[in-house]
Amino acid sequence: MTPLIYHNPRCGTSRNTLAILRASGEEPEVIEYLETPPSRERLIELIKLMKITPRALLRQKETPYRELGLEDPTVDDQAIIDAMLDHPILINRPIVVTDKGARLCRPSEQVFELLDNPVASFTKEDGERVTPASQANN
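Every chain's residues receive numbers from 1 upward, in the order its sequence appears when written. Whole-chain, interface and lining totals are the exception, using all residues; otherwise, since this is a predicted model, local features are given only for residues with pLDDT of at least 70 and side-chain atom pairs are given and counted only at 80 or more. As a rule here, side-chain values cover all heavy atoms of the structure and leave hydrogens and water aside.

## Side note on the nonpolar core
- By nonpolar core we mean a set of buried residues, namely Ala, Val, Leu, Ile, Met, Phe, Trp, Tyr and Cys, connected to one another through side-chain atoms within 4.5 Å. Relative accessibility under 20% of the residue-type maximum defines a buried residue, over 50% an exposed one, and the middle range a partly exposed one, all with a 1.4 Å probe and only protein chains included. Judged by nonpolar contacts, the single largest core of 23 residues is most densely connected at Leu 57, Met 84 and Ile 95.
- Where this core is concerned, the elements lending two or more residues are strand E1 (4-7), helix H2 (40-50), helix H4 (77-86), strand E3 (95-98) and strand E4 (101-104).
- Residues contacting Met 84, with those up to four places away along its chain left out, are Leu 43, Pro 54, Leu 57, Leu 58, Leu 90 and Ile 91.
- Membership of the second largest hydrophobic core comes to 13 residues, among which are Ile 20, Val 111, Phe 112 and Val 130. Each helix is a run of DSSP H or I of at least 4 residues and each strand a run of E of at least 2, with the numbering of both proceeding from the N terminus. Residue contacts are counted whenever heavy atoms from the two residues lie within 4.5 Å of one another.

## Quick word on the pattern of salt bridges
- Within this document, salt bridges are pairs made up of a side-chain nitrogen of Lys or Arg and a carboxyl oxygen of Asp or Glu, the two lying within 4 Å of each other. The full count for this structure, using the stated rule, is eight salt bridges.
- For Glu 125, the salt bridge is made with Arg 15, and the minimal N-O distance between the two is 2.6 Å. Residue Glu 125 is found in the loop between strand E5 (122-123) and strand E6 (129-130), and its partner Arg 15 is found in helix H1 (residues 12-23); the two are separated by 110 residues along the sequence.
- Notably, a salt bridge pairs Glu 45 with Arg 42, separated by 2.9 Å at the nearest N-O pair. Taken together, the residues span about one helical turn, with Glu 45 and Arg 42 both in helix H2 at a distance of three residues.
- Relative accessible area serves as the criterion here: at 39%, Glu 45 is assigned to the partly exposed category.

## Describing the packing of H2 against H4
- Every angle, taken between N-to-C directions, lies between 0 and 180 degrees, and every axis is a line fitted to C-alpha atoms, over only the stretch in contact when it is a helix. The contact between H2 and H4 brings their axes to 11 Å, and the two run at 120°. With respect to each other, H2 and H4 are oriented oblique. For the crossing formed where H2 meets H4, the hand is right-handed. The residues of H4 that touch H2, namely those facing Arg 40, Leu 43, Ile 44 and Ile 47, are Gln 78, Ile 81, Asp 82, Met 84 and Leu 85.
- Following the grouping adopted for this structure description, the nonpolar residues are Ala, Val, Leu, Ile, Met, Phe, Trp, Tyr, Cys and Pro, the charged ones are Asp, Glu, Lys and Arg, and the polar ones are all others, Gly among them. Per-class residue counts for the contact of H2 with H4 are six nonpolar, one polar and two charged. Working definition: roughly parallel below 35 degrees, roughly antiparallel above 145 degrees, roughly perpendicular at 65 to 115 degrees, and oblique for all remaining angles. Note: crossing handedness is left-handed where the near helix turns anticlockwise from the far helix by less than a right angle, and right-handed where it turns clockwise.

## Brief notes about the sheet that holds E3
- Should DSSP find at least two bridges between two strands, the strands are regarded as paired. Ordered in space as E2-E1-E3-E4, the four strands form an open sheet in which the pairing is mixed. The strands lining the two open edges of the sheet, one partner per strand, are strand E2 (29-32) and E4. For this sheet, the mean angle separating the axes of adjacent strands, direction not counted, is 15°.
- Here E1 runs beside E2; their pairing, made up of four bridges, is parallel.

## Digging into the environment of Ile 47
- Position of Ile 47 relative to the elements: it lies in helix H2.
- The sequence separation of Ile 47 and Glu 27 amounts to 20 residues, and the corresponding C-alpha distance is 23 Å.
- Dropping the residues within four chain positions of it, Ile 47 is found in contact with Ile 52, Thr 53, Pro 54, Leu 57 and Ile 81.

## As for unusual backbone geometry
- Note that the residue after Arg 93, namely Pro 94, is joined by a cis bond; omega there is 0°.
- Tracing the backbone shows Pro 94 in the loop between H4 and E3.
- Omega for the peptide link from Arg 106 to Pro 107 comes to 5°, which places this bond in the cis form.
- Inspection of the secondary structure puts Pro 107 in the loop between E4 and E5.

## Brief notes about the pairing of E3
- Here E3 shows two buried faces, one formed by Ile 95 and Val 97 and the other by Val 96 and Thr 98.
- Relative to E3, E1 runs antiparallel, the two sharing three bridges. Residue pairing across strands places Ile 5 opposite Val 96, the latter belonging to E3.
- As paired strands, E3 and E4 are joined by four bridges and run antiparallel to one another. Across the sheet, residue Thr 98 finds its bridge partner in E4, namely Gly 101.
- Joining the antiparallel neighbours E3 and E4 is a turn of two residues.

In structure tokens form, the structure reads like this:
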């Protein structure tokens, strides 16, 4: 399968993840999810593939998170999914899907676990150098 990344080009973590994919010899399908949000069915499928809860995928910074009262722990999963569909900026990113599974790649070096032949080392935009071995230690 061709790797897939749900990407926001304005996000440094997302840019670094995409760059790691490409440095590892992969040319993923790039979905700019703010312009092309996933359907309800796809969003639910991604959450299941990542083995996380909708709340774990919920972006809390620079979003309508507080305005919508999503910090309230009694807000249920369906309401969180509805909010993400109405406001795609609430979907945390980047999400990468490969034959090895799906993952929210925060930090970006988590993508190494999804690659068959990850690059030996990568220098992020901020100058931090990461390797597949450094990810295995986290």
